[in-house]
Structures are given as C-alpha cells and as structure tokens.
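Take a look at the letters that make up each chain.
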Protein chains: 2
Amino acid sequence: MKNILVIGAGLSASSMLRYFCQNAKKEGWFIKVGDQNGDLAKSKVSGCEQAEGFQLNGLDPEERGPLIQWADLVISMLPAAYHIEVAKDCIKYKTNLITPSYVSDAMKELHQQCVDAGIVIMNEMGVDPGIDHMSAKKILDEVEAKGGKMHIFESFTGGLVAPQSDNNPWNYKFTWNPRNVVVAGQGGAAKFIQEGQYKYIPYNRLFRRTEIIKIAPYGEFEGYANRDSLKYRDIYGLHDIPTIYRGTLRRKGFSKAWDCFVQIGATDDSYVLEGSKDMTKRDFINAFLPYHPYDSVELKLRHYLKIDQDDVIWDKLVWLGIFEKTKMNFKEDVTPAFFLQKILEEKWKLEPQDKDMIVMWHKIVYNLNGKFHEINSHMVIMGEDQTHTAMSKTVGLPIAICAKMILNGKIQQKGVHLPITQEIYEPILTELEEYGVRFVEQKLDKAVLYDVIV
Amino acid sequence: MKNILVIGAGLSASSMLRYFCQNAKKEGWFIKVGDQNGDLAKSKVSGCEQAEGFQLNGLDPEERGPLIQWADLVISMLPAAYHIEVAKDCIKYKTNLITPSYVSDAMKELHQQCVDAGIVIMNEMGVDPGIDHMSAKKILDEVEAKGGKMHIFESFTGGLVAPQSDNNPWNYKFTWNPRNVVVAGQGGAAKFIQEGQYKYIPYNRLFRRTEIIKIAPYGEFEGYANRDSLKYRDIYGLHDIPTIYRGTLRRKGFSKAWDCFVQIGATDDSYVLEGSKDMTKRDFINAFLPYHPYDSVELKLRHYLKIDQDDVIWDKLVWLGIFEKTKMNFKEDVTPAFFLQKILEEKWKLEPQDKDMIVMWHKIVYNLNGKFHEINSHMVIMGEDQTHTAMSKTVGLPIAICAKMILNGKIQQKGVHLPITQEIYEPILTELEEYGVRFVEQKLDKAVLYDVIV
C-alpha cells in the first residue's frame, strides 16, 4: 500500500481526488485528504474505501507532521506561499511532494537537501503553469531533435466560460480567483523580447496591445502580455531566441472594455477609498471622474474616455450595473479593486448549470535549412459541471498522473524540479488525452514572423 | 553668544547662511556649518568672522553629538529620512531643531519628549512645505476671524525657470532634484475632495486633469494634483470644507507633453531595463513601442500616442533628442526613470547665467452672510544667480528667520510643530517681504465655484 496525503480539498482538488479514488484499488493507494473544512474533505472522497477525509489545519506543523511522516507522497494544494514549510517537513520525513504553484526561490534552494533526502519536489504541475510547460517543451524538443533553430515562441492560456454558457456581452465569467483577474498585470511593466529587441508594456497600455488569435471552431480570442516572458528563455532553454512572448487569453473585445476600468483607476488595490463603505456603484465610478454640478456620471465617463454612445464598450459597461444607485454595504472602506471585484462578482458569477473552458495556444516558428516553419498548437477543454470544471481537471489531473508516476518509480529524478523533461511530460500528456486534454497541432506552409504582436 | 549648528551646506542652505552671516554680529550668533564637503561648507560662510565651515558626516552620532550639545539651535538640511536621528540627539542635549521637511510620524511621536526637554522642533519650515502653510493659514485665519465659512481651498506651487531664462519649448528647466520631477505623482492615486465628493486621479490620468491658472503679468500656468490633499483638512483645521485641492505648477502645455512619457512607461522606476547600459536614446524609446520591421521609431511613437506631426507636443519631444542614436554610456543597466532623467538633464540644465523662479498660488472661496467671496493670492520670486536661487531663498530664509525667533525667545512653543500659528507665520511673512517674498492678494466680486478642476 502506498500512502498519499492531500492538503487542501478545494475546487482545484476535485478531479485529482476523483482520479485517486478511481485508481486506488488497482494501484494500491490509501489517500488521506485534510482541509480546514472537514466536511468538504469528506465529501470529495465519499464512497471511496481507500480514502479518508478530515479536518486539518495544514499550516500547523504539529497537525501535519505525523501525516507527512505517514505518507509516501504529499500533494500541497495550499496557497503558494505556504508550500515552503510543507517542503521542509517533506525533507525531514523523506516524503515526496507535488505542488501546482510557481517554484519560489526559497523552494529552489532546497534542491540539494531534497537530493540528499532521496525525494523529489515537483512544482508547477498544473495547467498554467504545468500543461503549458509540458505541451510547449514537447514541441520544442521535437524541433530541436530535427535540428531546427527556434525563432519565435508564443504561448497563451485563458480560463473562460464555455460557449454554451456564454451569455453576457463581456463573453467572460469568473472561473477562478476573481481578485487575480481584477489586479492582473499590475506591479510592473510586462516584459518580452521581439526580433531581438526588449519590449516593455506599462500597465496603462497592457490591455490595448493585445494579439488576436483565431482558433477554429471556437472563434476569436485576444491575448495580453504576462508580466515576465523573459525568464522562460532559461526555463525552456531558449537563450538566444529572438522572440518570446507569453500571455493570457480573453474573448475578443474584453480587453478594450476592461481598459476603461484601468484608465479611470478602478482596479487600484494600493489604497483605501475614503467613504467607500457607504458608496453606491454609481458613487464609486463618480469618484474617478471630474466634478461637475450638472453632467451625469454616464456623460462624464463617456467624455473622459471618449466612448461613443453606440460603442459596444458602452453596452458592456452599462450591463455591469456600474451606474446603479445601489449600495454595496461593506463593513469598512475598501480598495477600488475590491469594490470593482464585488460589482463584477454579481454579474460574472458562474450559474449552477454553467460550464467553464480552458484554452491554450502555442505558436512556434523555427528555421530549418534556411527556411522558416510555423507550428500552431492549441488545446480547448470544457468543464463537466461546477465540481469537475475545466480548471479542476487541467490543474488536478496532471498532479494525479504525476503522483502515480512517482509512486510507481517512473520518475527517478530527485531534488526540486519542473515538468520539462521528456520522461515526465510524455506519459503525462499521453494519459491526459484520455481525459479530453488534447492538443491539436497545425503545421503552416509559411511562417508569419511579424505583424502579430501589436 | 548664541550657537547655531547647520548640518548640510548644499544649494538650499546658501541664502540661509548669508542671512546668518549678515546678522551674526548684531544678534550675537556663532554659526558652525558642517557638510560632507568641507570646502563647500567653508565657502558658504567665507568672510564671516562669527562662522566656521568644516567637514562633517552628519549621519555619524559621534561626530555630530558634541556639536549638537554645543549648539542652542540645530538646523538639519540632511535628506528627510535622517532628521529623526538628529531630533533624538537634540532631545538628549536639549537643543532646538528646525527642518524644512515634512514632519514624519516618527517625528510626531517625539512631541512629549520635546516638551519635557523644553525644546521646540519646527518642521516644514521651507517653501513647499513652509511658505505655503504660512501664507495660506494667514488668509484662512483672517476669513475665520470675519466669521466666513470656508468653501474652497486650492493651493499650487511650482519651481520653474525665470521668464528671461526660459528658452526651450517645454518652458521648463531643472531647478531642484531632477529625480523627484521624473517620478512625480507615482505611488498611488492623487486624492482630493470637491463639493463634498472624494475624487481620485490615477497616475496615468494625472497629467491630463490639470487646472489652468493665469497670473498677471507672468502668463499662464497649469497645475496637476499632489498625492494627498485630504490630510490638509486636519492640518489647516478645515475639517468640513467641501473642496480642498493642492497641486504642482508647470507652464501651460508641459503636462500634455510630459504625459507622453507617462503613457509609454518611460517614467517607471520600479524595474531595471534589460540591456539599457548599451542603449541609445532612440533604443530607449523603442523599448516601449511595438515591434515593426520597417516603421521608424518616430512614426511608431506618433501612431501609438496619436500625435499629429504638426502638434507642439511633437516639437517638444524632438527637441529633447529622444530619437538620437547616441548612447548614454551607463556603467550598468538602469531603470526607465533614470534613463529618462539623464536624457532630460542634458536639455533641462540651468545654464550658469540662468535664473529660476518660484510661483505660489492660493484660491480661497468662503461664504459670509449667505454670499460667496473669493480671494486669490500669489507670490512669484526670481533667483539672483545660481547660488541664491529662488529655491534657496524661499527654503532658507524662512528657516533663518524662524531661527532668529527661537533664539530671541519670540517662539515659546515647545514640542514638535508646524508653522501654522499666527505668532510664527505673521513675523516670518512680514520679514520675508524685505527679501522679495511678497504675496499679492486679489479679492474677486464673484466667486468661481465650479469648472475649475477639470
């Protein structure tokens, strides 16, 4: 019997736990699932004989210590900042660890200690990061094996609403942490490199320098740049690549409307808006507009942002209810970003029958024997329901498959790692296809070198 | 004999030290001036028998301790962050202290200790803050004495180039710390209140929501909002005032052109621009523009910011040399803000014969017996030369006069204070008039309530 400890039973753990339960007998696993909400943990493994859910404070070393000692493998679904303490316990008790989060500098420093303890800590084993790394590295390794020289690498991922549930003018609903959506892009300029030139996009331009991407039969999307594309040169071994660009996907038209909130300052999370606890939605918008004794908030906003009355942007803004004279009833004054988030949560909420969608898209251009070649690769997956969402499947299933490989001895690496080597990505991508995570690759006759990033 | 210790002999100390030297005999003062640059300190008091300049590390408690003990009054011209340690020494040795900087929270906490030690620490005794407080509070107290109820308080100050030295299309030269000019307005939204409504302007809109101010015979200026106007409600005792707004003055047309740098992200000081040590000015601008294989940097910038070729903004940008293929030769990669600062320093440098100018403007509207009244008050002062600049005079002379009043026993306050009470501002403003710091007051028949802040 192999013992698996899962810390955290939230949304992103659902499909992983279903995989564990379905395979527990065959693989000889016993799974313990601890969550602050014990009932939630129990419900996620109900009906499974070889699994047990219970209440656990994963941040308490005394509570988690004996469980980590018991386990052969720990999966930490805690918020990213807490993985490091779990990792130290895993080294102490010589237990393997998987997390879906970006590897931190502190985590990297544990590499030699992990090697010495004979364990592996696999990071970035989710969707973005995770499946993006694995699917990109697969293509990149194939190109390299052919002797191709990489010229362009672009990669975009988006968590969106499935077409059958897409019934609002923004073509967007919250399928993941709303706060991250509201503050996306803040905290520094987006960096990338294009044709050998470093390029920087400040926050106030980020949603106006988007790239349009068509993915048949799903239609048109747009991508805005992620904060730091440059670090992927090292991670993917693309040190001399002239163009590298990573971004986030939305439906076409989202960014131009979203930029209205950026421009007026409504996404700022750095200060508390005085008097905001008693503000209506209309007051909130008005706080960012010039004072005028007679003009309406609507007129002032249209004038300020130069929006025509018949512009689709205007329909989007009105639909959100931002001009309504209804109070939000906060207990205390809040930041602009928080106020906006609460307005959006009312409108961008996934309804019980709604399904989400994950879209991933890669563009690779390489030079082989003096000729440019282009490969486009995309993956689109829909959620089954509100439990087994596309997000839950694409985050949880790579972890589950990776867990199986570690417990079966198929992954022999020790230390702190990312899923970027063939021995890891190949079997995981292959098995993911059974669950609908399939990449469709298109080889183009002619490479498009420019005119793509605007 | 009364002993004065001045820590720091830089530009802003010049006019103060001249005042001390001119009055030393009459008042019975001995002045010691310490600066990291001993020669500079000596030169600023040369020819004065009752003064001595020398090399001093003002940050070293062992060096400054005996000097503070010797002195009856210390004037700290150190960077703002270092005043607090000097203040603690002043309490220890029971020596009075004046600084021209904003009072910090740490400084405020020393109030009772100062009272117990029987000393006064006078802060914000310069021009802005300083003369702005004193001149505003004088009008406000007069209005209050008449029974007027304050409705609007607006106050703007600018350090500019004098008209006779104003020979560039920006109508601007650096007369003070260039870095502060480049990063002005960053770090949060500008806050103010207008007609009882809280208003917030994000950085990316700050230079587009300016107010035009005409001051005869000097012409037109424009003001952009300072970070936090709201705290002046408490400082000035204007708790219920419907409109309060403080800002910085530039010549009309500056802000619209400056906004180009804000919009492309060239004023960002939060990250290092990769490869910037080898960039030309042209490369620097290009780093913020979309890639294109054929279009020029000029065309891309015009297109990106929608600037017509015959727009005066374009003349301003070209004049700065931002499209030149000349390298800056930095030793290491720098931030965008630093790169831009160095470009600007070449062009906005005060020439040896150039003179600077300080402009201050207040607008006060109050209600008396059911009728609105408006008072405008302005002060314009030119520099004499590169030593006794308008900035040096307006920062240094209030300190010098305040010093005299403390040493003469005219200021009886003990503790940590600002110059906002009549016993302080009245004599200082009166004596400042002898040095050309004169406010011209205009009472308007009709108050302008709206349409001012756009």
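Residues numbered from 1 in each chain as written. Chains lettered and ligands numbered in written order. Predicted model: local features only at pLDDT ≥ 70, side-chain atom pairs only at ≥ 80, totals over all residues. Heavy atoms only, no water.

Caption draft 1: Layout of the overall build of chain A. Of regular secondary structure, chain A possesses 17 helices and 16 strands. Its C-alpha radius of gyration of 23 Å places chain A within 12% of the 22 Å reference for a compact globule of 454 residues. Per-residue burial over chain A gives 60% buried out of 454 residues. In chain A, the share of contacts with a sequence separation of at least 24, taken over all contacts with a separation of at least 6, comes to 70%. (Helix = DSSP H or I, 4+ residues; strand = E, 2+ residues; numbered from the N terminus. Rg over C-alpha atoms; globule rule 2.2 N^0.38 Å. Buried < 20%, exposed > 50% of the residue type's maximum accessible area, 1.4 Å probe, protein only. Contact = heavy atoms within 4.5 Å.)

Caption draft 2: Molecular detail of the pairing of strand E2 (residues 29-35) of chain A. Residue and element names in this part refer to chain A. With six of seven residues buried, E2 is to be regarded as a mostly interior element. Sheet topology places strand E1 (residues 2-7) next to E2; six bridges connect them, and they run parallel. Pairing of Lys2 across the sheet is with Trp29, part of E2. Of the crossover connections in this fold, the one passing from E1 over helix H1 (residues 14-27) to the parallel E2 is right-handed. Relative to strand E3 (residues 51-55), E2 is paired through five bridges, and the arrangement is parallel. Bridge pairing in E3 places Lys32 opposite Glu52. (Pairing = 2+ DSSP bridges. Right-handed = clockwise from strand over helix to strand, strands pointing away.)

Caption draft 3: Structural context of the packing of helix H11 (residues 254-264) of chain A against helix H13 (residues 297-305) of chain A. Residues and elements named next belong to chain A. Their axes nearest at 11 Å, the elements H11 and H13 cross at an angle of 95 degrees. Between H11 and H13, the angle is such that the two are roughly perpendicular. Between H11, through Cys260, Gln263 and Ile264, and H13, the contact on the second element is made entirely by Leu301, Tyr304 and Leu305. Counted by class, the contact of H11 with H13 contains five nonpolar, one polar and no charged residues. (Axes fitted to C-alpha atoms, helices over the stretch in contact; angles between N-to-C directions. Parallel < 35°, antiparallel > 145°, perpendicular 65-115°, else oblique. Nonpolar A, V, L, I, M, F, W, Y, C, P; charged D, E, K, R; others polar.)

Caption draft 4: Quick peek at the sheet that holds strand E5 (residues 96-98) of chain B. Residues and elements named next belong to chain B. Read from one edge of the open sheet, seven strands run E3-E2-E1-E4-E5-E6-E15, paired in parallel fashion. The open sheet is flanked by strand E3 (51-55) and strand E15 (415-417), the only strands paired with a single partner. Averaged over neighbouring strand pairs, the angle between their axes works out to 15 degrees when direction is ignored. As paired elements, E5 and strand E6 (residues 120-122) share two bridges and run parallel to each other. Each residue of the ladder has a partner; that of Leu97, found in E6, is Ile121.

Caption draft 5: Representation of empty space enclosed by the protein within the structure. Residues and elements named next belong to chain B. Going through the model one piece at a time under the given rule, you end up with one cavity of 30 Å³ or more. Here the largest cavity is characterised by a volume of approximately 30 Å³. Lining of the largest cavity is provided by Val181, Ala184, Phe207, Tyr224, Arg250, Phe254 and Trp258. Its residues assigned to classes, the lining of the largest cavity shows six nonpolar, no polar and one charged. (1 Å grid on protein atoms, 1.4 Å probe; cavity = no way out; pocket = protein on both sides within 12 Å on 5 of 7 lines; lining within 4 Å. Points joined across faces, edges and corners; volume = space filled by probe spheres on them.)

Caption draft 6: Structural context of unusual backbone geometry. Geometrically, the link from Asp128(A) to Pro129(A) is a cis peptide bond, its omega value of 15 degrees lying close to zero. Checked against the element boundaries, Pro129(A) lands in the loop between strand E6 (120-122) and helix H7 (131-146). For Glu124(B), which is not a glycine, the phi torsion comes out positive at approximately 55 degrees. Of note, Glu124(B) is situated in the loop between E6 and helix H7 (131-146). With a phi angle near 45 degrees, Glu195(B) is a residue other than glycine that sits in the positive phi range. By secondary structure assignment, the location of Glu195(B) is in the loop between strand E8 (190-194) and strand E9 (197-201).

Caption draft 7: Fine view of the interface of chain B and chain A. The partner chain A presents 40 residues to the 39 residues of chain B that form the contact. Taken together, the two surfaces of chain B and chain A that pack against each other cover about 3,300 Å², and 50% of this comes from carbon and sulfur. Considering only the side of chain B, the residues that lose the most area to chain A are Tyr200(B), Glu274(B) and Tyr291(B), jointly responsible for 23% of the buried surface there. Counting across the interface, chain B meets chain A through two salt bridges. Its salt-bridge partner being Arg233(A), residue Glu274(B) comes within 3.2 Å of it at the nearest N-O pair. (Buried area = accessible area lost by both parts, 1.4 Å probe. Salt bridge = Lys/Arg side-chain N within 4 Å of Asp/Glu carboxyl O.)

Caption draft 8: A look at the pattern of salt bridges. All names here are of chain A. On inspection of all chains with the given rule, the structure shows 42 salt bridges over all chains. Lys137 is the salt-bridge partner of Asp141, the closest N and O atoms lying 3.1 Å from each other. Placement of the pair is Asp141 and Lys137 together in helix H7, with a separation of four residues, close to one helical turn. With a relative accessible area of 11%, Lys137 lands in the buried category.

Caption draft 9: Broad picture of the pairing of strand E7 (residues 149-161) of chain A. All names here are of chain A. Summarising burial for E7: twelve of the 13 residues are buried, a large majority. Strand direction decides the pairing type here: E7 and strand E13 (residues 356-368), joined by twelve bridges, are antiparallel. Considered in E13, the bridge of Lys149 is made with Asn367.

Caption draft 10: Spatial organisation of the packing of aromatic side chains. Scanning the model with the defined rule gives 56 aromatic pairs over all chains in all. Here the aromatic rings of Trp170(A) and Trp348(A) are separated by 5.2 Å at their centres, their planes lie at 70 degrees, and the arrangement is edge-to-face. In this pair, Trp170(A) sits in the loop between E7 and helix H8 (178-183) while Trp348(A) sits in the loop between helix H15 (336-347) and E13, placing the two residues 178 residues apart along the sequence. For Trp170(A), a relative accessible area of 0% gives the class buried. With a centroid separation of 6.2 Å and an interplanar angle of 35 degrees, the aromatic rings of Trp258(B) and Trp348(B) are classed as tilted. Note that Trp258(B) is positioned in helix H11 (residues 254-264) and Trp348(B) in the loop between helix H15 (336-347) and strand E13 (356-368), a separation of 90 residues in sequence. Under the relative-accessibility criterion, Trp258(B) is labelled buried at 1%. The exposure class assigned to Trp348(B) is buried, which follows from its relative accessible area of 0%. Every member of this aromatic cluster is reached through a ring pair, and the members are Trp170(A), Tyr172(A), Phe174(A), Phe254(A), Trp258(A), Phe261(A) and Trp348(A). Sitting over the face of the ring of Tyr102(A), Lys231(A) holds its NZ or CZ atom 5.0 Å from the ring centroid. Positioned over the ring face of Tyr232(B) is Arg246(B), at 3.8 Å from the centre of the ring. (Phe/Tyr/Trp six-rings, centres within 6.5 Å; stacked < 30°, edge-to-face > 60°. Lys NZ or Arg CZ within 6 Å of the ring centre and 35° of its normal.)

Purely spatial values, then, with no claim about function.
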